[in-house]
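# Overview (structure and organization)
One letter stands for each residue in the lines below.
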Amino acid sequence: MLVLLLLHLLAAVLAPLLVRWWGRQAFLALALVPAAGFAWTMAQLGRVLAGDDVRETVPWIPALDLDVALRLDALALAFAALVTGVGALVFVYCARYFGPDDEGTGRFAGSLTAFAGSMLGLVLADDLLLLYVFWELTTVFSFLLIGGSGRRLAARRAASQALILTTAGGLAMLVGLILIGQASGSFLLSEVVADPGSGTAMVAGTALVLAGAVTKSAMVPFHFWLPAAMEAPTPVSAYLHAAAMVKAGIYLVARLAPGFADVPGWRPVVLGLGLATMLVGGYRSLRQNDLKLLLAFGTVSQLGFLLVLVGAGSREMAAAGLAMTIAHALFKSTLFLTVGIVDHATGTRDLRKLSGLGRRLPVLAVIGLLAGASMAGVPPLLGFVGKEAAFTALWEGGLASRGVAAVELTGLLVGSVLTAAYTFRFLWGAFARKPGVAESEVAHPPGALFLAGPAVLAGAGLVAGPASPLLEPLVGAYAEALPLLAPEYEELALWHGLQPALALTAVTLAGGAALFAARTPLNRLQRRLAVGASADEGYWNVIQGLDRLSVLVTGTTQRGSLPAYLGTILVAVLALPGTILLTRAPWPGEWRAWDTPVQAMVGVVVITAALLALRIRQRLSAVLVVGVTGYGTAVLFALQGAPDLALTQFLVETLTLVVFVLVLRKLPKDITERHLPRERAVRGVIAVAVGAFMAAVGAVALAVRTATPVSADYPEQAFAFGGGKNIVNVILVDIRAWDTMGEISLLVVAATGVASLVFLRGRTGSVERADPSERSRAGGPRAARAPRNRWLAATGTLDPARRSVVLEVITRILFHTITVFSVYLLFSGHNEPGGGFAGGLVAGLALVLRYLAGGRYELGEAAPVAPGLLLGAGLLFAGGTGAAGLLLGGEVLQTAILEIDVPVLGHIKLVTSLFFDMGVYLIVVGLVLDVLRSLGAELDRQEDEEDPIELTPGEVVVR
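Residues numbered from 1 in each chain as written. Predicted model: local features only at pLDDT ≥ 70, side-chain atom pairs only at ≥ 80, totals over all residues. Heavy atoms only, no water.

Time to look at empty space enclosed by the protein. Throughout the structure, instances matching the rule amount to 5 cavities of 30 Å³ or more. Reported here for the largest cavity is a volume of approximately 150 Å³. Lining the largest cavity we find 15 residues, and of these E316, A389, T392, A393 and E490 sit closest to its centre. For the lining of the largest cavity, the leading source of residues is helix α19 (residues 382-395), giving 4 residues. Looking at the lining of the largest cavity residue by residue, the classes come out as 7 nonpolar, 2 polar and 6 charged. (1 Å grid on protein atoms, 1.4 Å probe; cavity = no way out; pocket = protein on both sides within 12 Å on 5 of 7 lines; lining within 4 Å. Points joined across faces, edges and corners; volume = space filled by probe spheres on them. Helix = DSSP H or I, 4+ residues; strand = E, 2+ residues; numbered from the N terminus. Nonpolar A, V, L, I, M, F, W, Y, C, P; charged D, E, K, R; others polar.)

So, on to unusual backbone geometry. Trans is the prevailing form of peptide bonds, just as negative phi is the prevailing case for residues other than glycine. Residue V220 is joined to P221 through a cis peptide bond whose omega torsion reads 10°. Here P221 is to be found in the loop between α10 (200-216) and α11 (225-228). Along the chain, P379 connects to P380 via a cis peptide bond; the corresponding omega equals 10°. Looking at the secondary structure, you find P380 in the loop between α18 (362-376) and α19. Positive phi values are uncommon outside glycine, yet A218 reaches one of about 60°.

Between the first and last C-alpha of helix α7 (residues 128-147) there are 29 Å, a value that for 20 residues agrees with the 28 Å anticipated at 1.5 Å per step. Burial runs high along α7: 14 of the 20 residues are buried. Two to three positions downstream of the cap, the backbone nitrogen of L129 sits 2.9 Å from a side-chain oxygen, assigning the N-cap of α7 to D127. G148 sits one or two residues past α7 and shows a positive phi near 60°. (Expected span 1.5 Å × (residues − 1). Buried < 20%, exposed > 50% of the residue type's maximum accessible area, 1.4 Å probe, protein only. Polar contact = N/O pair within 3.5 Å; in protein donor to acceptor, adjacent residues only side chain to side chain.)

In this section: the side chain of K247. Within the secondary structure layout, K247 lies in helix α13 (residues 247-260). Among buried Asp, Glu, Lys and Arg side chains, K247 stands out as unpaired, with D73 the closest opposite charge at 17 Å. (Lys, Arg positive; Asp, Glu negative; His and termini not counted. Salt bridge = Lys/Arg side-chain N within 4 Å of Asp/Glu carboxyl O.)

Contact geometry of helix α16 (residues 315-346) with α18 gives a least axis separation of 9 Å together with a crossing angle of 145°. As α16 packs across α18, the resulting crossing turns out to be left-handed. In contact with F331, K332, T334, L335, T338, I341 and V342 of α16, α18 contributes L364, I367, G368, A371, G372, S374 and M375. When its residues are assigned to classes, the contact of α16 with α18 shows 8 nonpolar, 5 polar and 1 charged. (Axes fitted to C-alpha atoms, helices over the stretch in contact; angles between N-to-C directions. Left-handed = near helix turned anticlockwise from the far one by under 90°. Contact = heavy atoms within 4.5 Å.)

Pasting the structure below:
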């Protein structure tokens, strides 16, 4: 089963490429994937009917006890067969539905394949959380399929509407699944249904899960998203909105019904919403002139019918529900595909403009007639068998309450009359000749391949009716898990004799024919009774209200004041954790102010610098004083025996000062903002209180330790398993390598964000280098008077007034030394202070020195490579080393130790985490280079453009 899901994933990834190579014919190749799934599913039929469920469990996140648990039983097999079988035929249909030059076909093919795999995973999942993952994947891919290319406003609105509603329901369902899993003591779906437990949490969880199911399956009052989604291409409507996605809610209710039907609130929700949806959808369908919308509202109606059947909680109703689900998938997907062919052939779906297509397209008319007959419940189609089974179950007591059964039977009978009426309206609108309407011209007659999909589906509905006894073992295997409420259980069959259900079927067909015959006065009556309000309008009113509320809240709270935001956060910290700290925290019994007097001296310097920063009015001076606090912290690290932290803190503080200086070029020299004494007092109180709070948190955290810290074993484990003596570095690249992976990913994102905000013409601009033949180009006429001796490659591009020969000489002497030292830190970091992060910072500071000495062209000479390339290569390099542990028999990112003897060099010990550290090194260098190129070189370029050089009489530019 997992192989099938991975096969869908692979096909989805390759689909755009296949479409680019083969055009629309690629759909035929992609159809092989769901076809393989259908073949495998049917091959398991005998095993499932024998009562042996097919199970497959693959560990996912062992630490959280999460597994990819898959299970194929009778219910899952029925739905998997529909998902894969109908899916394969829809892919074949797509090979002729799309034109050779249609835009976005590759993206559509990938999304449709991914959706098919997600839906298959949903019906196979035996883990509650895994089911939710696939549930949301179907939501995401349906959003992409409905929205299409995103160019049409109606499609975008429909896609966003479907996404918001189904996602909201999905989030509610997630909470419900967690409550159910906690209450039942298991997250395996099969175990939860077998023994669901009881209590308030179970009742609440069940209600939330039903909320997700009714939104997914478009029940009232959330039904309006499904007709709106008809903006999607016809294959999407046939697959997602007839056979697959909207069936997800039906599947979930059917899956949970054996264990949850007796939970308080289940039956009122299921039976009430299902019946209301069937009536509303059927009534609305009679008003539609668009064939696709007519079928859409008909789908809403039929989904309500199915919800009543599968959620009733009795064996006879469940059997009828599963049979009707199969029938509905067959006839409704056929009808949607038929509408697509009609639209493709004539260019319209408006039944008022169509006439005589039955004569011009006889094969298509027969296909539509068979599917329509099954939808209306005409024998011998499968739809008749399923509907008769439903009528029989309700007539003979398929619900515990006879009164409720009578109400449901009456409602379903009225809904079935509406179903027959809109079926007649569809067939008449699509294929009949209409007086006064010119016969429709068929511009694009459908070929055999175009008709193959709907023909097979319609034929299956026709064959399955007489062959319905063959479905009974599958249907019964699922239904037997539910109690039998009627006196006896009647198996599926085309003919049960002259029974009340047969008379009810005759009533529905006769009533439907009567409503169709009276369609003109009925339409006038519907227009008179039309209500101005609708669920769709209510939805958009709610969305607009939320937009206005968000604007109001944002305007009230987001004033653009960073001190106000920071003050609010800090006050909240003091009010909540601070209160707990004062009232409940165990305070240490012994206090020690310092270990050595030097610590106290450094602390005094740090505090003094912090106080000076409050009084200094010049920005640069304030930044330098703040830097003293950072350097003081680094000294404290060194005094406490943490050289790695001290080295890193020194380097980070130095680089931070450089960044501050680069940014301050765009800010005024002095801090002109003045605050009232009261404001300063309030801020001072908050600052002192937060400082004291954090100090108290540190003291309490150290005092409450009772267990032996895990770090006690680090020295031995770091060398034995990590192959290094530097515990800090081993922690970063091995023990907590996943954390480091996340941190370096964050660095890449930060660098990308900074560059994107600064560069106006592209992500990172171009690498600016000095042309050897035009060294004076950037400096203009003043560069012509530059000194002849150039200690650096591009200093000739600088204005002589900005040059410093001393700095150039120092840079030339130190740059390569600093670079070599950074490499030394990289390679020695596993056993000595250093590592990829520290080495990258040192290399970055070498680049800072080149930039300060020679300007932006000198930076290009020092690093003639795009920062994005370094960032991407570093991330790829670090992530790629994760596979080394797997290849050598360990886990992802686990260090492997290689020891070899090399002539001349002697014994060499190599750890694979070194390559991870190399990736970190590249990312840090790329980050520094990106900052220098964005906040430094790019701002220099912008200043040159804003302040062009003016020539005086007699001056010339040296080129």
